[in-house]
Amino acid sequence: MNWAALKLLFKHEMRMVLRSRRTVVTSLVLPAVLMPGLILGTRYVQRQQAIQLDQTTFLYAITGPWADEARRLIERYKDAPEFRNFHLREEHPAHPEQALEDRTLHFYVRTMTVEEANQAADDDDDTPTLGSQPVERVTGVRGLQVVFRGNQQIARTGVERMVDLMRAARRNESYTIMFSAGFPSHPEGILAMTASNVATDSQISGSNLGRFFTVVLVVWLVAAGSIVAMDIIAGEKERGTLETLITSGAGRIEIATAKFLAIWTVGLVITIAQVLYALIYIRLNVIQLPDNFEIDLSAQSIAQLFVLFVPLAAAIAAALLIVSAYAKTYKEAQLHFFPFFVGTLVPSLAAVLPGLKSRSIIAFIPLVNVSVAAREVLTGRADPLMIGVTALVMSLTAAALIRYSAKLLTREDIIVWTQHEQAILEGGEKLFQRRVLQWFAVMWAVTFAVVTNVPQLQGARVQILFNEIGIFLVGSLLMIWRYRLNLRDVIGIHRVRWPVWAAVLMAVPAAQVVAVAFFRLVNTVIPTPTELLRELGKQVAPTGMPLWQMIFFMAILPAACEELAFRGVLLHGVRNRFHPVVRCLFVGVIFGVFHYTLFRIAPTALLGVILTAIAVMTGSILPGLLFHAANNSFAILMDAAGISLNRFDWGTYLAAFGVFFLSMHTIWRYGKDH
Amino acid sequence: MQVDPSGEAPVVVCNLTKTFLDQSRGTIRAVDGISFQCRESEIFGLLGANGAGKTTTLRMMSTIITPTSGTAKMLGHDIVKDPSGVRRSMGFYSASTALYPRLTARETIEFFARINQYPEEKVQARVNSLVERFGITEYAGVRVEKLSTGMKQKVSIARTIAHNPRIVVFDEPTIGLDVLNALEVQKAIHDLRSDGRTVIFSTHIMSEAEKLCDRIAIIHRGRILACDTLAGLREATGLHYLEDIFLLYVRGPA
């Protein structure tokens, strides 16, 4: 190591950072202004909302067989002190549902007979709870339902207050009945219950803070470091200054180390600045802590936190350098940043999980170990030995990452961007291969954002149409048009020999049985909650849809659109990137991730791997399309016929595996000629 | 071309080869066993079409990328065994080597003099002389991002020779420049030769090669097809214009 060159390069990097207006503003100025601005702004909005709610007169109606009785109850309790600011006015629309639609009513109270209440309870899948404990729904009693439109903020609040009012009414009416039936005392006077907390305020506050301390610091470290990291490598590549630097007398190791040191320094400095800002805002009462919040940190605890977080900051800085090095431009680095951010956030949340201790295997898992150890320090249960082990593990991780990042700067594909330049100039296939994953990332984000935020797309049919046609079909055609792809190559139009088709049809039932066997096997190791299976069933086969529509919407349409998108366009885009086996896994996992509910990812990814393998083996998406459509149709028909594949014995599962293996072998044997 | 690897020439390139693995086209020999030597106080031109292998050759010589086989020596420093020595002995300039926008012209020259280990006590004097030589005194304290293209070219050449290297490599230096700025760069290259430096210069512009180069190597598909003075090339081909000579070598006799 040439220390003089390293010192010069480090000074140079820091000078560049400090002269970058974007870095200084986004890292130091904005947080200083934004944090109090956000807090004060949120407080103001909340106050205004509260005032507006208190001034609102909620318009409601009462319908159903015992409307008069409900009306009397509301009248009796609405003037109780806790509902002092709840202003109500009853309306009498001819059609309350239409009035909700027209927004001339905030909500209406529907009274129900015993039969109607039982029916409503059967239709409702949500288990009623008392506190956090599920309770059995009482049957044989009349019901009361508050109907509203959830997309109106004010109406939602009004409904919450109305439900509270009716609950208070029910409680008091129950007590009245009990008294009149001869109950000797007030029901709540039977037993006095209190809880006594023997922990100190400092321990409680430490426990609360400890759970989120690491994640907050990691957010700051990553956010601050990434601004510099993106500029320091990807930005330099884009501007051409990296090539200037590597043709100078400085060695690559010195260049990489100086860049790492700059990111590390900036990350630490900005994180410390953020902590100081937070302390100042607490002092100025901009951030209001709970009354009993008390943190008692000794010098030793601060030193222990320092020992934990300095190597963590180094590891994050080195990882950011790597992420930035893989990007060719500043914008590409920004795209890489989000997955990295999520990737660091998840392990740093380990402290939220109860029962994890640093004196366990956890001490050897980077980042998770810091999260758990920091919580122990803040709750006054620090384990000095394990803090040492954690710091050592994090230091070794950081050293390995620094070493790797230094090696990256000796790699030609990282530092020279001729191929990239050529791809941009030529466009077409080459550029498509570079951009295909970005397209799919955007498609995923759009699917996720739209489906979770647009209530009009909540219905099964509309959602499927939007995803399959709006996203997969249109997205695929856009890519084919934009990059001038050859449709025949993408789809793989060529003659597929008949044994392949036969094998595909043979593989479908076998694959279903094998999949069930696989999940039964997994279930013996990691038991799957029945709630989760029920939810999966509901999502896979929505109720109330005619069979022919289910076949169309859930088998034929997804097979056509998804095969074009995943086994056509995506597989075509990554065909030169990985080993065929890795390609199958990669495309399969991306296919799974698009089925964004967590419990659907694994089974669909497994199906995706099989479908990709068929496409790779045959060079065409058509056999896979048949498999996909037949597979989904088979599952729908089995469900409709009430046949469960869970009932088979292990011998049958083994035989199914044999058939499946034979089918895949046949596909490979007769499909490989392409 | 025969070269003497142990010779005294400041630049000796011996069987330099570079292959790339292109994902769609397979293995590509971007540079295929190139050999040549450059003398002192000489402008040696690499003349070739886009994709001929000029930039790859110069990038290997300046240690940005490593050769697949063969080697080159710059003032006796081997590009594979002693890349740092090579970099300190030479200056590299190309259209893709940019300047730090947030440094001033003076800071840029100073930084590159220091990073190339120019004696610390002489740095200021060297910077002053370069500032004066390239006529950038007026804007020496201005950030590069605020300079015009012509000014940036001057600063860029000044930073290339900040450590006073005996060999200077120019990879298509006039690409994208207007006529006036291109002339400025050509003048600077000419002056460097007058200082006694060895200049290696790649271009696809015939008039530039004709005007500047003492010797020209015609490179095509990674191979040197001819290497001589302009007069020698004319004599060998019986053609006068370099463009005709170039086409004769690249396409063969009409």
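Up top you'll find the structure we're talking about.
Everything numeric here is computed off the predicted structure, so don't read it as measured data.

Reading the values: rules and limits
Residues numbered from 1 in each chain as written. Chains lettered and ligands numbered in written order. Predicted model: local features only at pLDDT ≥ 70, side-chain atom pairs only at ≥ 80, totals over all residues. Heavy atoms only, no water. Axes fitted to C-alpha atoms, helices over the stretch in contact; angles between N-to-C directions. Helix = DSSP H or I, 4+ residues; strand = E, 2+ residues; numbered from the N terminus. Parallel < 35°, antiparallel > 145°, perpendicular 65-115°, else oblique. Left-handed = near helix turned anticlockwise from the far one by under 90°. Contact = heavy atoms within 4.5 Å. Nonpolar A, V, L, I, M, F, W, Y, C, P; charged D, E, K, R; others polar. Buried < 20%, exposed > 50% of the residue type's maximum accessible area, 1.4 Å probe, protein only. Polar contact = N/O pair within 3.5 Å; in protein donor to acceptor, adjacent residues only side chain to side chain. Phe/Tyr/Trp six-rings, centres within 6.5 Å; stacked < 30°, edge-to-face > 60°. Core = buried A, V, L, I, M, F, W, Y, C linked by side-chain atoms within 4.5 Å. Buried area = accessible area lost by both parts, 1.4 Å probe. Salt bridge = Lys/Arg side-chain N within 4 Å of Asp/Glu carboxyl O. Pairing = 2+ DSSP bridges.

Participant: Talk me through the packing of helix α10 (residues 299-326) of chain A against helix α11 (residues 330-348) of chain A; I want residue IDs and the actual numbers.
Facilitator: Geometrically, a packed helix pair is captured by the angle between its two axes and the distance between the axes. All names here are of chain A. Taken N-terminus to C-terminus, the directions of α10 and α11 make an angle of 135 degrees; their axes are 8 Å apart at the nearest point. Between α10 and α11, the interaxial angle falls into the category oblique. When you trace α10 past α11, the crossing you get is right-handed. Contact with α10, carried on its side by Ile316, Ala319, Leu320, Val323 and Tyr326, involves Glu332, His336 and Phe340 of α11 and no other residues of that element. Broken down by class, the residue content of the contact of α10 with α11 amounts to 6 nonpolar, 1 polar and 1 charged.

Participant: So what's going on with the side chain of A:Arg252? Residues and values would help.
Facilitator: By secondary structure assignment, the location of A:Arg252 is in helix α9 (residues 252-283). Classification of A:Arg252 as buried rests on a relative accessible area of 12%. Separated by 2.9 Å, the side chain of A:Arg252 and the backbone oxygen of B:Thr63 make a polar contact.

Participant: Describe the packing of aromatic side chains, with residues and values.
Facilitator: Residue and element names in this part refer to chain A. A complete count under the given rule lists 22 aromatic pairs over all chains for this structure. Arranged with centres 6.1 Å apart and planes meeting at 25 degrees, the rings of Tyr60 and Phe107 form a pair that is stacked. Of this pair, Tyr60 sits in strand β1 (residues 57-63) while Phe107 sits in strand β3 (residues 107-112); the two residues are 47 residues apart in sequence, bridging distant segments of the chain. The exposure class of Tyr60 is buried, given its relative accessible area of 3%. Both rings, one in Phe552 and one in Phe553, keep their centres 5.2 Å apart while their planes meet at 80 degrees; by these two values the pair is edge-to-face.

Participant: I'd love a proper account of the nonpolar core, names of residues and values included.
Facilitator: Counting residues in hydrophobic clusters, the biggest one holds 139 residues, and the most contacted among them are A:Phe309, B:Met61, B:Phe170, B:Ile200 and B:Ile216. The dominant element in this core, judged by the number of residues it contributes, is α10(A), at 16 residues. Setting aside chain neighbours within four positions, we find B:Ile200 in contact with B:Val11, B:Cys38, B:Phe44, B:Leu58, B:Met61, B:Ile167, B:Val168, B:Val169 and B:Phe170. Counting residues in each nonpolar core, the second largest holds 60 residues, with A:Ile464, A:Ala507, A:Ala555 and A:Ala615 among its members.

Participant: Mind laying out the interface of chain B and chain A, listing which residues take part and the relevant values?
Facilitator: Each side of the interface is counted separately: chain B has 33 residues, and chain A has 32 residues. Taking both partners together, chain B and chain A bury about 3000 Å²; carbon and sulfur atoms supply 52% of that area. Of all residues in chain B, B:Arg87, B:Tyr100 and B:Arg102 give up the largest surface area on contact with chain A, accounting jointly for 24% of the area buried on that side. Run the count over chain B and chain A and you get 4 salt bridges. Two residues, B:Arg102 and A:Asp231, come together in a salt bridge whose shortest N-O distance is 2.9 Å. Our count for the contact surface shared by chain B and chain A stands at 11 residue pairs in polar contact (both at pLDDT 80 or more). Elements supplying a minimum of two residues to the side of chain B that touches chain A: β1 (11-22), α2 (83-89), β6 (90-94) and α3 (105-115) of chain B. In terms of residue count, the dominant contributor to the side of chain B that touches chain A is α3(B) (5 residues). For the side of chain B that touches chain A, a count of residues per class yields 12 nonpolar, 11 polar and 10 charged.

Participant: Can you lay out the sheet that holds strand β10 (residues 223-228) of chain B for me, pointing to particular residues and giving the numbers?
Facilitator: Residues and elements named next belong to chain B. The mixed open sheet is built from 6 strands, whose spatial order is β6-β7-β8-β3-β9-β10. The sheet is open, and its two edges are formed by β6 and β10, each paired on a single side. Within this sheet the neighbouring strands show an average axis-to-axis angle of 15 degrees, counted without direction. The pairing of strand β3 (residues 43-47) with strand β8 (residues 198-203) spans 5 bridges and is parallel. In the strand pairing of β8, Leu47 is matched with Thr203. Of the strands in this sheet, β3, β7 (167-171) and β8 are in contact with helix α6 (residues 179-194), which crosses β8 at around 150 degrees. Set on the sheet, helix α9 (residues 242-251) makes contact with β3, β9 (215-220) and β10; between it and β9 the angle comes to about 40 degrees.

Treat this as a map of the structure, not an account of what it does.
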